[in-house]
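The residues making up each chain are set out below.
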Amino acid sequence: IQQAFAQQLSTSINAGENAIGLAPKNAQVRALNMAVRPLLKALNGQDHIIDKLDRRSMTVEQKQHCQDYTVGDVMEFDKGYRVRTQPPLDGTGAESAQTQQGQTQQIKPNVQYKIAHIDYDQKIISLTHTDKQGITHITNFIPERIQTKNIRWDSYCTTYLRIAEGEELRSTKNMKFKDETHTDIINNGRFKVERIIADENRVILSDLMHGEVRQVALNGAILQHMDYNYVMTVHSAQGATCDRVVS
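Quick caveat, the model's predicted, so the values are computed rather than measured.

A. Representation of helix α1 (residues 2-14) in the model. Between its first and last C-alpha, α1 extends 18 Å over 13 residues, near the 18 Å set by a 1.5 Å rise per residue. Check the buried side of α1 and you find it contacts β1 (19-23), α2 (26-36), β15 (231-233) and β16 (244-246). Looking at the residues trailing α1, positive phi occurs at G16, about 90 degrees.

Structure follows, in structure tokens:
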């Protein structure tokens, strides 16, 4: 069944149709995308492996409980706020002198924080973030103290994606840019990989919705929030327009 699905969808795509496949679950989407890719004539050159962030499906209630997070995951926040600095990660539970004096740090919006440690007794998640100077900061995050109506955040597990020139991708997150040189990226935006310059860590993307051309980092935040634009869940496909649907 999977091979027949992949053959039917790839035939439509190779014929130039704006076609997508639909599957009920994310695991099936991943398997079908991998079955479709080798059949696509538009893909050129070798595959390049990039980091990809998969959003964990969590309810508002789950987001406020430490046991629903995993060490190694990545977190992103929609707005900044101040939190207390990190106590030592030696398991003693003793706070540093700076923390006792009320030192604070700011969690910044749209910055990737990695979960380094979870203290389930104290209900504290320790986040690390490396700034542009290469300095790593460690910050406390106590999710149950945050009012989710004021601040929203997401947790992601890290996986990977193989991309090649000619690849069609879709964005999995809204992304805003401070400069006015590019249009903001919307969730489910469609892109095509025109060129990969691996030795310069650059990828040339065509924005299929706005007609723009973007240069992005091969291992940067934009591509981390991309997925294949061949097969998707019914939920992800809401609002999408296409010539043909294979399900």
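B. Up close: the pairing of strand β10 (residues 168-171). With three bridges connecting them, β10 and strand β11 (residues 190-197) associate as antiparallel partners. The partner of L169 across the bridge, within β11, is F191. Across three bridges, β10 lies against strand β14 (residues 226-228) in antiparallel orientation. Note that in β14 the partner of L169 across the bridge is Y228.

C. Here's a closer look at the environment of I13. With respect to the helices and strands, the residue I13 is situated in helix α1. It is 8.9 Å that separates the C-alpha atoms of I13 and K41, two residues lying 28 residues apart in sequence. I13 has contacts with A19, L40 and Y230, leaving out every residue within four places of it along the chain.

D. Structural view of the environment of G16. The topology assignment puts G16 in the loop between α1 and β1. With 26 residues separating them in the primary sequence, G16 and A42 have C-alpha atoms 10.0 Å apart.

E. Broad picture of α2. Of the residues making up α2, those classed as buried are V29, L32, N33, A35 and V36. When α2 is viewed along its axis, its buried side chains cluster within an angular range of 160 degrees and face the same direction. Buried residues along α2 sit against α1, β1, β14 and β15.

Basis of the calculations
- Think of each chain on its own: its residues are numbered from 1, step by step along the sequence as written.
- Local features in this predicted model are restricted to residues of pLDDT 70 or higher, and side-chain atom pairs are both shown and tallied only at a pLDDT of 80 or more, whereas totals for entire chains, interfaces and linings draw on every residue.
- Hydrogens are left out, water is left out, and the side-chain values use all remaining heavy atoms of the structure.
- Helix and strand assignments follow DSSP, with helices taken as H or I runs no shorter than four residues and strands as E runs no shorter than two, numbered in order from the N terminus.
- Helices are assigned an expected span. That span is 1.5 Å times one less than the residue count.
- Pairs of residues are marked as contacts when any of their non-hydrogen atoms sit within 4.5 Å.
- Pairing between strands requires that DSSP locate at least two bridges from one strand to the other.
- Each residue gets one of three labels from its accessible area relative to the maximum for its type: buried under 20%, exposed over 50%, partly exposed in between, using a 1.4 Å probe on protein chains only.
- The arc in question is the one spanned by the directions pointing from the helix axis to the C-beta atoms.

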